[in-house]
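Examination of the molecular architecture
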Amino acid sequence: MTATGKIGFIGLGIMGKPMARNLMKANYQLIVYDINRAPVEELAKEGAALAASPREAASEATLVITMLPNSPHVREVLLGKNGVIHGAKPGTTVIDMSSIAPLVSREMEAALREKGVAMLDAPVSGGEPGAVAGTLSIMVGGDRELFQRYRDILGRMGKSVVHVGPIGSGNVAKLSNQIIVALNIAAVSEALLLAEKAGVSPRVVYEAIRGGLAGSNVLDAKAPMMIERRFAPGFKIDLHAKDLGNVLETSRQLNVPLPLTALAMEILQSLQASGLGSEDHSAIVKFYEKMAGIEVGEE
Ligand code: NAD
């Protein structure tokens, strides 16, 4: 056992369920909630307590972790009618690990603080494999001492746990990450399509350039998927569109023009409109292929 009281865990989807399991493996006692009963019952069989609402989960816990799709879901779970704010005792901490708009994190931290409840934003990268293995990269925003207090618990879910700055900073780091990844995939798509049309093997071009300045984790992860026509996710177009939506909402509020990100958002929306929202974001190449009337592929 540990010195910490019960941990409320809300949101047991692709990411949340394995993250909750890793905490249970480290002997933390969990009380769990999700609007979907299946993962809740699965974790109950493994020893977690069940809550009937976020409010109930918070009333039994000293720490509440949320792992939900987007800002409106987190707002509902934390501040809604049966939300955490109505059950949490003063001195409770909320760690929101969802990828959401940073300004919404700030707004919720302020509302919780009025009730004596502290909050960190701690979005992750590393996908489902990282969530299962406990090797996520976790970017944390909020009070530094609070971060230090929960660092070990976060370390059960991630191998890199970095304090980025005040509340909302974790999500700023995550959104920055998502801009770079989206634009990089679009650049890889344009380059491979040009090679294809010029009659030069995209595979050989990839091998020729990957050791130079154009080399990147994105190039190594996504170019082979495009060439081999493997578009199963991975990270879905729908989720990337959600993240770039949050980037653009934030950039508008801060008055920062991001022209290339705005264009990438249009590309993602076009792919969603063509029914490709559940494909991996490497399917960005299909947007270009449709315009050029040619496919990137093996000889
Ligand atoms: P998911 O859709 O699989 O899981 C979300 C869970 O939240 C679901 O179980 C859903 O039932 C639950 N939920 C929704 N509304 C709720 C509510 N009001 N009350 C209680 N539960 C509710 O999503 P995921 O892939 O686990 O992603 C979670 C977050 O992590 C997202 O913000 C996503 O962008 C981010 N993320 C995902 C990945 C990935 O590869 N999947 C990688 C990094 C970050």
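Structure: above.
Read on for an overview of the structure. In this text, all values refer to a predicted model and were calculated from it rather than measured experimentally.

Let us now look at the overall build of the protein chain. Secondary structure assignment for the protein chain yields 13 helices and nine strands. A globule of 299 residues ought to have a C-alpha radius of gyration of about 19 Å, and the protein chain, at 21 Å, matches this closely. Based on the C-alpha atoms only, the size of the protein chain along its principal axes is roughly 65 × 45 × 35 Å. Taking all contacts inside the protein chain whose residues are at least 6 apart in sequence as the whole, residues at least 24 apart take part in 66%. Put simply, the protein chain shows about 13700 Å² of open surface, and 55% of that area lies on carbon and sulfur atoms.

Let's shift gears to the nonpolar core. Of all hydrophobic cores here, the largest spans 34 residues; its most connected members are Phe9, Met19, Leu30, Met97 and Ile138. Broken down by element, this core gets its largest block of residues, five residues, from helix H7 (residues 144-155). Sequence-distant contacts of Phe9, defined by excluding residues within four places in its chain, comprise Gly16, Met19, Ala20, Leu23, Leu30, Ile31, Val32, Tyr33, Ile65, Met67 and Met157. Core analysis: the next-biggest nonpolar cluster, separate from the first, contains 31 residues, Ala182, Met226, Val247 and Ile284 among them.

Below, the discussion takes up the side chain of Asp121. Relative to the assigned elements, Asp121 resides in strand E6 (residues 118-121). For the buried residue Asp121, which engages in no salt bridge, the nearest side chain bearing the opposite charge is Arg106, 7.8 Å off. Sequence-distant contacts of Asp121, that is, excluding residues within four places in its chain, are made with Asp96, Ser105, Met139, Val140, Gly141, Gly142, Ile167, Gly168, Ser169, Gly170 and Asn171.

With 12 residues, H7 extends 16 Å from end C-alpha to end C-alpha; this agrees with the ideal 16 Å at 1.5 Å per step. For H7, every residue scored as buried is listed here: Leu146, Phe147, Tyr150, Ile153 and Leu154. An end-on view of H7 places all buried positions within 110° of arc, on one side of the element. Residues Arg144, Glu145, Arg149 and Asp152 are exposed on H7 and point more than 90 degrees away from its buried face. Here H7 starts with a cap whose side-chain oxygen sits 3.2 Å from the backbone nitrogen of Glu145, and that cap is Asp143.

Topologically, Val40 is positioned in helix H2 (residues 37-45). Between the C-alpha atom of Val40 and that of Gly11, which follows or precedes it by 29 residues, the distance is 9.2 Å. With residues near it in sequence (within four places) discarded, Val40 still touches Leu12, Val32, Tyr33, Asp34 and Leu50.

This next bit is on the packing of aromatic side chains. Here the structure, examined in full by the defined rule, presents one aromatic pair. With centroids separated by 5.5 Å and ring planes inclined at 90°, the aromatic side chains of Phe287 and Tyr288 adopt a geometry described as edge-to-face.

Reading the values: rules and limits
- Residues numbered from 1 in each chain as written.
- Predicted model: local features only at pLDDT ≥ 70, side-chain atom pairs only at ≥ 80, totals over all residues.
- Heavy atoms only, no water.
- Helix = DSSP H or I, 4+ residues; strand = E, 2+ residues; numbered from the N terminus.
- Rg over C-alpha atoms; globule rule 2.2 N^0.38 Å.
- Contact = heavy atoms within 4.5 Å.
- Areas by Shrake-Rupley, 256 points an atom, 1.4 Å probe, with all protein chains shown as cover.
- Core = buried A, V, L, I, M, F, W, Y, C linked by side-chain atoms within 4.5 Å.
- Buried < 20%, exposed > 50% of the residue type's maximum accessible area, 1.4 Å probe, protein only.
- Lys, Arg positive; Asp, Glu negative; His and termini not counted.
- Salt bridge = Lys/Arg side-chain N within 4 Å of Asp/Glu carboxyl O.
- Expected span 1.5 Å × (residues − 1).
- Arc of directions from axis to C-beta.
- Polar contact = N/O pair within 3.5 Å; in protein donor to acceptor, adjacent residues only side chain to side chain.
- Phe/Tyr/Trp six-rings, centres within 6.5 Å; stacked < 30°, edge-to-face > 60°.

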